[in-house]
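Here is what each chain is made of, one letter per residue.
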Amino acid sequence: MSHQTPDPNDEHGSVYDGLLGTDTSQWAFGTDFEDPLAGVDTTVPSELDAAELAAYCLALGDDALVLSHRLSEWCSNAPDLEDDIALANIALDLLGQARLLLARAAAADPSVVPTLPDGSPVPVEDALAFFREAVDFRNVRMVEVANGDFAHTVARLLLFATVRLAAFERLATHADPVLAAIAAKGVKELTYHRDYAGRWFLTLAQGTEESRRRLLAGLTGLWPLQAELARAYDAGPEVDVVLDQVFAVSGVERPDVAPMTGRGHTEALSRMLAEMQVVARAHPRGQW
Amino acid sequence: MSRAYAVAASVTDPEMPMLTLEDLGVLRDVREDGRRVTVTITPTYSGCPAMATMRDDLVHRLTEAGYAAQVEIALSPAWSSDWITERGRQALRDHGLSAPGAAPRPGGPIPLTLMPTARAVTCPRCDSARTELTSEYGATACKALYRCADCLEPFEHVKEI
């Protein structure tokens, strides 16, 4: 059922009716769309394989999308207002990176985009975010496991931002100028994310017995997923240099736990997607 | 300066309306072909939610001025706070915000900073140099939160990127 045109004389009119303006449809996906790559030349350079480039951008985009969602789950729940705002800002940066990367993937290889019902107003990056099954997501498991406490989030963000920043510094000279531009922009954002996580890591490690206990528990719990994260980003020795620097000033030993075996996803991703995708899937035409 | 450029340059940022898009440094190009105008803007941060409003405001104002306008995005080079004009910096200070210092330009690997970011920030209200960082993130991605140790007022600082 599509949304009724608001009638100001109707005593049952909703206070939200005004939000729709004159656009009575497509509300689930915003009232208007812009292409995040409008005007950008998305021709794939001839020396690159378009399908491979799309798959790579999807993986980078999915990591950002999934961790962005996990971070946004802290909204109104963080230990204090400043960190609530900080985590929301970091989530927003990652969402922006995800949007650009998913749009780049779709432009490089349109066959990656799920088919939607005729007349659906959903843009390609939203189709990729909301209409793929967990099995089709290409993110690493590090970003999908459920949030623990704040210390767990700090440890995860330190590991992720360190690995991704090192990779984006390299990708800034990638043969695809679109991916290179997205990476160069992301470098500036990830620098802030890594510093934020690094400071909190040190603070919690050198804080109270309780904060240190929680940090070590978070780090040890995540470490089995570090190898997969490092592999996905071709992490070189520069990542270990940074992590060892943080561990040293924090008085923390590198965890000695075996990498998690297997591949694919944990159950946590399908649970997360069920919540993230439910509205879009219930209303694929953006109308009710 | 073309008339279309003048119109586009006068559109203001939806979140910091004391700044025009030109002063913020996000207006990258205005191409005029008769009545057709193509404006190129660049996002400050990848997730900047103001982009859609900027585009709508540009199209609206240029349409009012008699043009058929379209807005395109440029991702490269990535926006830097160094692109905020001197007039923009003064407008920020006049409205109680602290303007960014020089953006970092690391030559090699980006250094990790575990101490609070060192900035020489003066209070936009009382000009005191005795200020302290309260949070590296503020109400928008581009701002940090500070407090003046003399007049005790909190204020926002536009971050260097």
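Residues numbered from 1 in each chain as written. Chains lettered and ligands numbered in written order. Predicted model: local features only at pLDDT ≥ 70, side-chain atom pairs only at ≥ 80, totals over all residues. Heavy atoms only, no water.

Peer 1: Help me out: how do you make sense of the pattern of salt bridges in this one?
Peer 2: When the charged atoms of two side chains with opposite charge come close together, those side chains can pair. As enumerated under the stated definition, the model contains 26 salt bridges over all chains in all. Put simply, Arg130 of chain B and Asp150 of chain B hold a salt bridge, and the shortest N to O gap is 2.9 Å. Pair noted here: Arg130 of chain B is in the loop between strand 4 (97–98) and strand 5 (131–135) and Asp150 of chain B is in the loop between strand 6 (143–148) and strand 7 (154–158), with a separation of 20 residues, a long-range link. Among the ionic contacts, a cluster of salt bridges with common partners joins Asp149, Glu210, Arg213 and Arg214 of chain A. (Salt bridge = Lys/Arg side-chain N within 4 Å of Asp/Glu carboxyl O. Helix = DSSP H or I, 4+ residues; strand = E, 2+ residues; numbered from the N terminus.)

Peer 1: For this particular structure, what's the right way to read helix 9 (residues 267–282) of chain A?
Peer 2: Residues separated by three or four positions in an α-helix point in the same direction, a consequence of the helix having 3.6 residues per turn. Residues and elements named next belong to chain A. The terminal C-alpha atoms of helix 9, which comprises 16 residues, lie 22 Å apart, in line with the 22 Å expected from a rise of 1.5 Å per residue. Of all the bends in helix 9, the greatest measures close to 45° and is centred on Met276. The complete set of buried residues in helix 9 reads Ala268, Leu269, Met272, Leu273, Met276, Gln277 and Ala280. If you follow the buried residues of helix 9, they end up packed against helix 1 (50–72) and helix 3 (124–130). (Expected span 1.5 Å × (residues − 1). Bend = angle between axes of the 7 residues up to and from the residue. Buried < 20%, exposed > 50% of the residue type's maximum accessible area, 1.4 Å probe, protein only. Contact = heavy atoms within 4.5 Å.)

Peer 1: When you look at the interface of chain A and chain B in this model, what are you seeing that I'm missing?
Peer 2: How big an interface is tends to be reported as the loss of accessible area on association of its parts. Between chain A and chain B, the contact holds 40 residues from the first and 39 residues from the second. Roughly 3200 Å² of surface becomes buried between chain A and chain B when both sides are summed, with 60% attributable to carbon and sulfur atoms. Contact with chain B buries area across many residues of chain A, yet Lys185, Tyr192 and Arg199 of chain A alone supply 24% of it, more than any other trio. At the boundary of chain A with chain B, the tally comes to 1 salt bridge. When the shortest N-O distance is used, the salt bridge between Arg199 of chain A and Glu136 of chain B registers 4.0 Å. Along the contact surface separating chain A from chain B lie 15 residue pairs in polar contact (both at pLDDT 80 or more). Those elements that provide at least two residues to the side of chain A that touches chain B are helix 2 (81–108), helix 4 (150–171), helix 5 (177–205) and helix 8 (237–250) of chain A. Per-element tally for the side of chain A that touches chain B: the top contributor is helix 5 of chain A, with 15 residues. Considering only residue class, the side of chain A that touches chain B consists of 20 nonpolar, 8 polar and 12 charged. (Buried area = accessible area lost by both parts, 1.4 Å probe. Polar contact = N/O pair within 3.5 Å; in protein donor to acceptor, adjacent residues only side chain to side chain. Nonpolar A, V, L, I, M, F, W, Y, C, P; charged D, E, K, R; others polar.)

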